[in-house]
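# Descriptive structure summary
Each chain, letter by letter, is given below.
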Amino acid sequence: MKRLLKSPMVNAVCISIFSAFYACIFIISSGYEGFISTLYYGDGVPFWSWWGRFLAAGHQMYIAWALIAVTILIVILLTAHRRPHDEYFTSMLTSCLVVASILTLVAIAVFYVMILSNPVGIVEKFTLFITIHWATVVLANLTYVFLCRRR
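Since we're looking at a predicted model, the values are computed, not measured. (Residues numbered from 1 in each chain as written. Predicted model: local features only at pLDDT ≥ 70, side-chain atom pairs only at ≥ 80, totals over all residues. Heavy atoms only, no water.)

Bringing the overall build of the protein into the picture now. Within the protein, the secondary structure is distributed over seven helices and zero strands. Along the three orthogonal principal directions, the C-alpha set of the protein runs to about 55 × 30 × 25 Å. Buried positions account for 43% of the 151 residues belonging to the protein. (Helix = DSSP H or I, 4+ residues; strand = E, 2+ residues; numbered from the N terminus. Buried < 20%, exposed > 50% of the residue type's maximum accessible area, 1.4 Å probe, protein only.)

So, in structure tokens, the structure goes:
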């Protein structure tokens, strides 16, 4: 596993595949009538009403494009660094991935509590969870890349 983490290209390929998957889902669901019909943006909590209208308007496409742009920046910076990372950078990448994993586990717990307390608007809640998860992983990777470039 450490051998894989030492390669900047492995990191670039993994983040690209992950981002492409979520980007496809977000872009395809943007404006898709089947997706819009599953949304519930009632008069409950103002945030959920706003988030439901945001998704119904197809604006998740903008989230996808923003995170694609960050992913492209990550890939460019990773491919510019052609030699394998040393133990220090491998340890730093592991730390960034651990932080992203912990934040994802916290988001899963919060998501679960939200669904148990009120299952209405599950599509909006799940879409927010995926957005937070994807952004956390991409931003943790970007942090790692910037830290590696400083040294």
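What follows covers the confidence of the model for the protein. The pLDDT averaged across the protein works out to 85; a share of 94% of its residues lies at or above 70. Element-level mean pLDDT values for the protein span from 69 in helix H1 (residues 2-6) up to 93 in helix H5 (residues 60-80). (pLDDT = per-residue confidence, 0-100.)

Let's shift gears to helix H2 (residues 8-29). Residue pairs spaced three or four apart in an α-helix point in one direction, given the helix's 3.6 residues per turn. Compared with an ideal rise of 1.5 Å per residue, which puts 22 residues at 32 Å, H2 spans 32 Å between its outermost C-alpha atoms and is within 8% of the ideal. Downstream of H2 by a residue or two, glycine 31 has a phi angle that is positive, lying close to 85°. (Expected span 1.5 Å × (residues − 1).)

Membership of the largest hydrophobic core comes to 41 residues, with the highest contact counts inside it found for Trp51, Ile74, Trp134, Val138 and Tyr144. The biggest single contributor to this core is helix H7 (residues 122-150), with 12 residues. Not counting the four nearest positions on each side in its chain, isoleucine 74 is found in contact with Ile15, Val138, Asn141, Leu142 and Val145. (Core = buried A, V, L, I, M, F, W, Y, C linked by side-chain atoms within 4.5 Å. Contact = heavy atoms within 4.5 Å.)

What follows is about a nonpolar patch on the surface. On the surface, Val98, Ile102, Val106 and Val110 cluster together into a nonpolar patch covering about 320 Å² of accessible area. Taking the relative accessible area as the measure of exposure, valine 106 reaches 46% and is therefore partly exposed. (Patch = residues over 30% accessible without salt bridge, like charges linked within 9 Å, V, L, I, M, F, W, Y side chains within 5 Å. Areas by Shrake-Rupley, 256 points an atom, 1.4 Å probe, with all protein chains shown as cover. Salt bridge = Lys/Arg side-chain N within 4 Å of Asp/Glu carboxyl O.)

Moving on, we come to the side chain of asparagine 141. By the secondary structure assignment, asparagine 141 is in helix H7. At a separation of 2.7 Å, a polar atom in the side chain of asparagine 141 contacts the side chain of asparagine 11. Setting aside residues up to four positions removed in sequence, asparagine 141 forms contacts with Asn11, Ile15, Ile74 and Leu78. (Polar contact = N/O pair within 3.5 Å; in protein donor to acceptor, adjacent residues only side chain to side chain.)

This next bit is on the packing of aromatic side chains. Within the structure shown, the criterion is met by 13 aromatic pairs. For the pair tryptophan 50 and tryptophan 51, a centre-to-centre distance of 6.1 Å together with 40° between the ring planes defines the contact as tilted. On the basis of relative accessibility, which here comes to 43%, the residue tryptophan 50 falls in the partly exposed class. A network of ring pairs unites the aromatic residues Phe18, Phe21, Tyr22, Phe26 and Trp134 as a single cluster. (Phe/Tyr/Trp six-rings, centres within 6.5 Å; stacked < 30°, edge-to-face > 60°.)

Right, let's talk about the environment of cysteine 148 for a bit. Following the sequence through the fold, cysteine 148 ends up in helix H7. Linking cysteine 148 and leucine 73, residues 75 residues apart in sequence, is a C-alpha distance of 14 Å. Contact partners of cysteine 148, with chain neighbours within four places excluded, come to His85 and Phe89.

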